[in-house]
Amino acid sequence: MTKKPVFMPPSQELRRKAVNFKKGFKLKLEPEEIKKLEAVVEKATDQFTVEVADKLRGLRVALNDVAHSQIGADQAMQAIRTISLEIKGMGGMFKYPLLTAFAKSLNDFTRDMGVPTPIQLDIIAAQIDALYVVMGNRIQGSGSKIEMQLLSALEEAARKYRH
Amino acid sequence: MSEDMADHERIDFSKISFLVVEPNRLMGQMVRDVLQMLDVQYIDRARDFETAVNVLRMGRTDIMITEWALSQEKLGRNGMDIVHWVRNDGGSPNRMMPIVMMTANSEEEYVCRARDCGVSEFVAKPYTVNGFYTRLASAIARPRQFVRIGEYFGPDRRRRRLDWAGPERRIMADAI
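Let us look at the structure shown here. Note that this is a predicted model, so its numbers are computed, not measured.

Examining the side chain of Ser17 of chain B
Step number 1: Checked against the element boundaries, Ser17 of chain B lands in strand 2 (residues 17–21).
Step number 2: With near-sequence residues (within four places) excluded, Ser17 of chain B lies in contact with Tyr42, Arg60, Thr61, Asp62 and Ile63 of chain B.

Thoughts on unusual backbone geometry
Step number 1: Cis geometry is found at the peptide bond from Lys125 of chain B to Pro126 of chain B, where omega equals -5°.
Step number 2: Inspection of the secondary structure assignment puts Pro126 of chain B in the loop between strand 6 (121–124) and helix 6 (129–141).
Step number 3: A positive phi angle, close to 70°, is found at Lys95 of chain A, a residue other than glycine.
Step number 4: Locating Lys95 of chain A in the fold gives a position in the loop between helix 4 (73–91) and helix 5 (97–110).
Step number 5: Not every positive phi belongs to a glycine, and Asp39 of chain B is a case in point at roughly 80°.
Step number 6: As for its position among the elements, Asp39 of chain B is in the loop between helix 2 (25–37) and strand 3 (42–46).

Remarks on the pattern of salt bridges
Proximity of charged atoms lets side chains of opposite charge pair with each other.
Step number 1: One pass over the structure, following the stated rule, counts 24 salt bridges over all chains.
Step number 2: We note a salt bridge from Glu86 of chain A to Lys55 of chain A, for which the minimum N-O separation is 3.2 Å. Here Lys55 of chain A lies in helix 3 (residues 45–68) and Glu86 of chain A lies in helix 4, a separation of 31 residues in the sequence.
Step number 3: Overall, the relative accessible area of 18% leaves Glu86 of chain A in the buried class.
Step number 4: When its relative accessible area of 15% is taken as the criterion, Lys55 of chain A is described as buried.
Step number 5: It is possible to trace a salt-bridge network through shared partners that takes in Lys88, Lys104, Asp108 and Arg111 of chain A together with Glu107 and Glu109 of chain B.

Points about the interface of chain B and chain A
Step number 1: Taken together, the contact pairs 63 residues of chain B with 52 residues of chain A.
Step number 2: On inspection of chain B and its partner chain A, the count reaches 8 salt bridges.
Step number 3: Inspection of the region where chain B meets chain A yields 18 residue pairs in polar contact (both at pLDDT 80 or more).
Step number 4: Counting only elements with at least two residues in the side of chain B that touches chain A, the list comes to helix 1 (3–8), strand 1 (10–11), helix 2, helix 5 (108–117), helix 6, strand 7 (146–149) and strand 9 (171–172) of chain B.
Step number 5: The sheet contact formed by strand 1 (residues 6–8) of chain A and strand 7 of chain B spans 3 bridges and is antiparallel. In the strand pairing of strand 7 of chain B, Met8 of chain A is matched with Phe146 of chain B.

Thoughts on empty space enclosed by the protein
Step number 1: Scanning the entire structure with this criterion turns up 1 cavity of 30 Å³ or more.
Step number 2: Along the walls of the largest cavity sit 20 residues, with Met96, Met97, Pro98, Ala139 and Pro143 of chain B positioned nearest its centre.
Step number 3: Counting only elements with at least two residues in the lining of the largest cavity, the list comes to helix 1 (13–18) of chain A together with helix 6 of chain B.

Some words on the sheet that holds strand 4 (residues 63–66) of chain B
All names here are of chain B.
Step number 1: Read from one edge of the open sheet, 5 strands run 3-2-4-5-6, paired in parallel fashion. What marks the edges here is a single partner per strand, and that holds for strand 3 and strand 6. Averaged over all pairs of adjacent strands, the angle between their axes in this sheet comes to 20°, without regard to strand direction.
Step number 2: Of the strand pairs in this sheet, strand 2 and strand 4 are connected by 4 bridges, and their pairing is parallel.

A short note on the packing of aromatic side chains
Step number 1: With the rule as written, the count across this model stands at 7 aromatic pairs over all chains.
Step number 2: Ring geometry for Phe48 of chain A and Tyr96 of chain A: centres 5.5 Å apart, planes at 35°, overall tilted. Placement of Phe48 of chain A in helix 3 and of Tyr96 of chain A in the loop between helix 4 and helix 5 is noted, with a sequence separation of 48 residues between them.
Step number 3: When its relative accessible area of 0% is taken as the criterion, Phe48 of chain A is described as buried.
Step number 4: Ring geometry for Tyr127 of chain B against Phe132 of chain B: centres 5.7 Å apart, planes inclined by 55°, an arrangement best described as tilted.
Step number 5: Classification of Phe132 of chain B by relative accessible area gives buried; the value is 1%.
Step number 6: Members of the aromatic cluster, each reached through a chain of ring pairs, are Phe25 of chain A together with Phe13 and Tyr133 of chain B.
Step number 7: Geometry around Tyr132 of chain A places Arg60 of chain A over its ring, the cationic atom sitting 3.9 Å from the centre.
Step number 8: In this structure, Arg95 of chain B is placed above the aromatic ring of Phe153 of chain B, and the distance from its NZ or CZ to the ring centre is 4.3 Å.

Considering the sheet that holds strand 1 of chain B
Step number 1: If you trace the 3 strands from one edge of the open sheet to the other, you get 2(A)-1(B)-3(A), paired in antiparallel fashion. A strand with exactly one partner marks an edge of an open sheet, and here the two such strands are strand 2 (19–20) and strand 3 (25–26) of chain A.
Step number 2: Relative to strand 1 of chain B, strand 3 of chain A runs antiparallel, the two being bridged by 2 bridges. In the strand pairing of strand 1 of chain B, Lys26 of chain A is matched with Arg10 of chain B.

What counts, and at which threshold
Residues numbered from 1 in each chain as written. Chains lettered and ligands numbered in written order. Predicted model: local features only at pLDDT ≥ 70, side-chain atom pairs only at ≥ 80, totals over all residues. Heavy atoms only, no water. Helix = DSSP H or I, 4+ residues; strand = E, 2+ residues; numbered from the N terminus. Contact = heavy atoms within 4.5 Å. Salt bridge = Lys/Arg side-chain N within 4 Å of Asp/Glu carboxyl O. Buried < 20%, exposed > 50% of the residue type's maximum accessible area, 1.4 Å probe, protein only. Polar contact = N/O pair within 3.5 Å; in protein donor to acceptor, adjacent residues only side chain to side chain. Pairing = 2+ DSSP bridges. 1 Å grid on protein atoms, 1.4 Å probe; cavity = no way out; pocket = protein on both sides within 12 Å on 5 of 7 lines; lining within 4 Å. Points joined across faces, edges and corners; volume = space filled by probe spheres on them. Axes fitted to C-alpha atoms, helices over the stretch in contact; angles between N-to-C directions. Phe/Tyr/Trp six-rings, centres within 6.5 Å; stacked < 30°, edge-to-face > 60°. Lys NZ or Arg CZ within 6 Å of the ring centre and 35° of its normal.

Structure below.
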């Protein structure tokens, strides 16, 4: 096993292939180019709302599975973790940072959780409800004081009952 | 290269082949659409470890963009396993391939784990397209030297170059 670090020069293969002085995009994009790329994301906003609605249904189904069947609870918890992570990654891209914040809270809470206790289950249910509220009311941005307080209260509950 | 020349450098994305490993349909489509806006012509897509490795074995991929968490059905292997395969497996066609980890696992512990596995650039979801572009451009136009130390093989994890007036501390290899 190598003990001393051995350095190798960077591969220049891609530079040789694609970097030039005539054609393509500069290393730092122009504002108009950024706008064009951002338009690609904006164009997908409708798909995003459909996708999130589907994910939220998936969360409710998984929650129901955890609550009512001991068999498959681990798999259902994994589904909650996976879906919450996906929503966390999507929300902020489509001007829903509050959705990302609630999804992160749910994902953090369930990350290392086995089969949840009744109180943990209540917190998960409340976190999923909060995600529904954000999407149901199309709350873009960081939300109002009420939503921020709700987020803060859920995070506090999660901290208290994580283990 | 002088700063002035660097300001005029351009990246012709039409020459570069991508593999996008993303289990979420919409997020995968977003990456594909953004890459196509950049004039990328060749984009392979995968949702799980097995498919990604099969594509990589073909040897046509220049850059891989991968999510950490892969398809739910394939829970055994994740994006980090693909990174590890590229960097360390004897069957890997290009162990120095630029790899962009684009993931909602964005907390510091994940960034560190990704770095220690050999990821070239890290993009935290949700991301801005400009942030994504910047990482991509950096991976292509500013490749980092590689290092082998202990069990690690991957890009040099130190970002800053510090002047060192003391005795020689590092060994530069001629080739891998």
